[in-house]
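If you want the building blocks of each chain, they are given just below.
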Amino acid sequence: MTTEVLEAVETPPAPLEGEPAPTPRVLVKSYGCQMNVYDATRMADLLGREGYAETQNEDDADLVILNTCHIREKAAEKIYSELGKLALAKRARDAEGREMKIVVAGCVAQAEGEEVLKRQRAVDVVVGPQSYHRLPDLLRQAKNGRRLTDTEFAVDDKFRALPNPSRAQIRARGVAAFVTVQEGCDKFCSFCVVPYTRGAEVSRPVADVLAETQRLVDAGVAEITLIGQNVNAYRGADQAGREWGLARLLERLAQIEGLARLRYTTSHPVDMTQALIDAHESIPKLMPYVHLPAQSGSDRVLKEMNRKHGAADYLDIVRRLRKARPDVAMSSDFIVGFPGESDADFEATMALVREIGFASSFSFKYSPRPGTPGAARDDQIDEEAKSERLAALQALLDEQRRAFNDAAVGREIDVLFEKPGRHEGQIAGKSPYLQAVHVEGPLEAIGREARVKIIAAGPNSLAGRLVSEEAKA
Ligand code: 5AD
Ligand code: SF4
């Protein structure tokens, strides 16, 4: 829906005659998932075409875009506190006769729409995740106190309306990049707002994904992570109109010369096809790391969450993945304190975690989200029980992550180097299992994979030594 609110505000003074207009600067701040990180880069590219330069510094930003997350209450509240601070900065800026526009994008924009304008008067534009390709137009209209909301689920293809980044822009963003292949979700888990904020599942055409990936690789990107709210539900059309699943897409992308690594996230257990599991055996470039949210280990809770799978199904997927690729590292999301969750249900989650052994995981207290079935239930769990369960689960997951990292010590693994390390002479990168690794090494190794012997492990990173100075071709 596109709406507007009119309010009188003073217009800032025009630049003096003859004074060259300075380059406007945009700061895009992203919250939440990787999809938002990707969308933020596309917004920056789009505004680049409009003459905006990117900045990381709020003080010199003429335009601040908050690309927001609505998944849990805390995430949404954080945005309003950030907006409060921005409103003060904007007022100070107005007093100096300089303008600062504020845009709220992403899932809070989609879920709350015009409410955002009402709650924070400093906001100029509210734009949903499906309409941000219209940002330049919205910004042009948002003048003289005119404030706008655009949260339409556009029928046109947003991605096709966005400009491609230049080689320099791609390089500046590093050697690992995201490519959105799928958006939206039809699963309607009873705790989750995503189906409401991101809409129904839509897959991008195969040719578009190939072209975008090829462009990234041509500019020096070595690792691509395919992203989607339900990435393994990918069903993109090829030019003949045939549907490709994610396994076929990965197989095709793996043929791109110069691309070293492929990943995908986030997956749903019910879409974990045998073809995708087999891809972990047949595609060497596909990294042995799978983020597969389990949410709970209790069949009763899983049913009430509308997950459409039980704990045994999850275990079976992991067993088949490990058969296809014995070193595959598993990662998951868990929610504790879903309405009605008993001590025994929580124990079932702990048992599932113990049985699998995760390399890393995210875990959250259940947060009731307006409009979702879970929020309407009258058997909500009290905060104290949620906190206790979360602490116990996180202690177990931390222990497993440490054990996973410790097991790497003494082994030789391939590391894709991404950036200079924190200390002089160091370079840092990622293991196939997504662990951060740092070594003493030359900056020229950045952008390539090299063999590393792991000599020490911490909870969040590994230290190693280059086995051979020669990076792999
Ligand atoms: N409360 C807590 N966690 C949630 N997630 C999604 N919705 C909620 C909610 N209402 C978690 C799930 C999901 C991850 C991205 O966020 O674990 O996989
Ligand atoms: Fe949310 Fe469930 Fe869809 Fe994941 S699968 S985005 S948790 S509704």
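Our structure's up above, just so we're on the same page.
What this report covers is the structure whose coordinates are included nearby. Just so it is clear, the structure is predicted and the values come from calculations on it, not from any experiment. (Residues numbered from 1 in each chain as written. Chains lettered and ligands numbered in written order. Predicted model: local features only at pLDDT ≥ 70, side-chain atom pairs only at ≥ 80, totals over all residues. Heavy atoms only, no water.)

Helices and strands together make up the secondary structure of the protein chain, namely 15 helices and 22 strands. Taking 2.2 N^0.38 as the reference for a compact globule, 473 residues should give roughly 23 Å; the C-alpha atoms of the protein chain span a radius of gyration of 23 Å, in line with that estimate. Across its three principal directions, the C-alpha atoms of the protein chain cover 70 × 60 × 50 Å. Taken over 473 residues, the protein chain has a buried fraction of 51%. Once local pairs closer than 6 in sequence are excluded, the contacts in the protein chain between residues at least 24 apart make up 72%. (Helix = DSSP H or I, 4+ residues; strand = E, 2+ residues; numbered from the N terminus. Rg over C-alpha atoms; globule rule 2.2 N^0.38 Å. Buried < 20%, exposed > 50% of the residue type's maximum accessible area, 1.4 Å probe, protein only. Contact = heavy atoms within 4.5 Å.)

Moving on: the pattern of salt bridges. Considering all chains together, one arrives at 39 salt bridges under this definition. Notably, a salt bridge pairs Glu449 with Arg261, separated by 2.9 Å at the nearest N-O pair. Residue Glu449 is found in strand β21 (residues 449-457), and its partner Arg261 is found in strand β14 (residues 261-265); the two are separated by 188 residues along the sequence. The two residues Glu449 and Arg261 agree in class, both being buried. Among the ionic pairs, Glu341 bridges to Arg389, the shortest N-O distance being 2.9 Å. You can see Glu341 sitting in the loop between β16 (329-336) and α14 (343-356) and its partner Arg389 sitting in helix α15 (residues 383-406), a full 48 residues away along the chain. Judged by relative accessible area, Glu341 falls into the buried class, the value being 3%. Here Arg389 falls in the buried class, since its relative accessible area comes to 8%. Here the salt bridges do not stand alone but share partners, grouping Arg300, Glu304, Asp345, Arg377 and Asp379 into one network. (Salt bridge = Lys/Arg side-chain N within 4 Å of Asp/Glu carboxyl O.)

Each pair of packed helices can be described by the angle between their axes along with the distance between the axes. At a minimum axis separation of 11 Å, helix α9 (residues 206-218) and helix α10 (residues 246-253) run at an interaxial angle of 35°. Crossing of α9 against α10: the hand is right-handed. Two secondary-structure elements touch here, α9 through Val206, Val209, Leu210 and Thr213 and α10 through Leu249, Arg252 and Leu253. Here the contact of α9 with α10 is composed, by residue class, of 5 nonpolar, 1 polar and 1 charged. (Axes fitted to C-alpha atoms, helices over the stretch in contact; angles between N-to-C directions. Left-handed = near helix turned anticlockwise from the far one by under 90°. Nonpolar A, V, L, I, M, F, W, Y, C, P; charged D, E, K, R; others polar.)

As a further point, take helix α13 (residues 311-324). Between its terminal C-alpha atoms α13 stretches 20 Å, which fits the 20 Å expected from 14 residues at 1.5 Å a residue. All of the buried residues along α13 are Ala311, Tyr314, Ile317, Val318, Leu321 and Ala324. What you see down the axis of α13 is that its buried residues fit within an arc of 150°, all on one side. In α13, the exposed residues that point more than 90 degrees away from the buried face are Ala312 and Lys323. Residues of α13 that are buried sit in contact with α11 (274-282), β15 (289-291), α12 (299-304), β16 and α14. (Expected span 1.5 Å × (residues − 1). Arc of directions from axis to C-beta.)

A large share of β14 lies buried, amounting to 5 of its 5 residues. The alternating pattern of β14 places Arg261, Arg263 and Thr265 on one face and Leu262 and Tyr264 on the opposite face, and all of these are buried. Taken together, the 5 bridges between strand β11 (residues 223-227) and β14 define a ladder with parallel strand orientation. Its bridge partner being in β14, Glu223 is matched across the sheet by Arg261. (Pairing = 2+ DSSP bridges.)

Moving on: unusual backbone geometry. The linkage connecting Thr265 with the following residue, Thr266, adopts the cis geometry, with an omega of 5°. Relative to the helices and strands, Thr266 is located in the loop between β14 and α11. Backbone geometry at Asn144 places phi at a positive 50°, although glycine is not the residue there. For Asn144, the location among the structural elements is in the loop between α5 (135-141) and β7 (146-150).

All right, on to the site of ligand 1 then. The local shell around ligand 1 consists of Ile71, Arg72, Phe191, Gln295, Asp333, Ile335, Phe364, Lys365, Tyr366, Ser367 and Arg369. In the model, an oxygen atom of ligand 1 is placed 2.8 Å from a nitrogen or oxygen of the Arg72 side chain. Measuring from a nitrogen atom of ligand 1, one finds a backbone N or O atom of Phe191 at 2.9 Å. Its free accessible area being 400 Å², ligand 1 has 87% of it covered by the protein chains. Listing elements by their share of the shell around ligand 1, those giving two or more residues are β16 and β17 (360-365). Classifying every residue of the shell around ligand 1 by side-chain character gives 5 nonpolar, 2 polar and 4 charged. (Near = heavy atom within 4 Å. Polar contact = N/O pair within 3.5 Å; in protein donor to acceptor, adjacent residues only side chain to side chain. Areas by Shrake-Rupley, 256 points an atom, 1.4 Å probe, with all protein chains shown as cover.)

Let us now look at the pairing of strand β22 (residues 461-466). Across 3 bridges, strand β20 (residues 436-440) lies against β22 in parallel orientation. Residue pairing for β22: Ala436 is matched across the bridge by Ser461. Between β21 and β22, which pair antiparallel in sequence order, lie 3 residues.

This paragraph deals with the nonpolar core. Core analysis: the largest hydrophobic core is formed by 55 residues, its most contacted members being Leu226, Tyr264 and Met330. Leu47, Val125, Leu135 and Leu139 belong to the second largest nonpolar core, which has 24 residues in total. (Core = buried A, V, L, I, M, F, W, Y, C linked by side-chain atoms within 4.5 Å.)

This part is about the environment of Thr41. The residue Thr41 is located in helix α1 (residues 34-49) in this model. Overall, the relative accessible area of 22% leaves Thr41 in the partly exposed class.

Taken in spatial order, the 3 strands line up as β15-β16-β17 in an open sheet, and their pairing is parallel. Pairing within the sheet leaves two strands with one partner each, and these edge strands are β15 and β17. Each strand axis lies, on average, 10° off the axis of its neighbour in the sheet, ignoring direction. As defined by bridge partners, β16 adjoins β17 across 6 bridges and the pair is classed as parallel. Each residue of the ladder has a partner; that of Ser331, found in β17, is Ser360. Relative to the sheet, α13 contacts β15 and β16, its axis offset from that of β16 by approximately 165°. Strands in contact with α15 are β16 and β17; relative to β17, the strand with the most contacts, it is inclined by about 175°.

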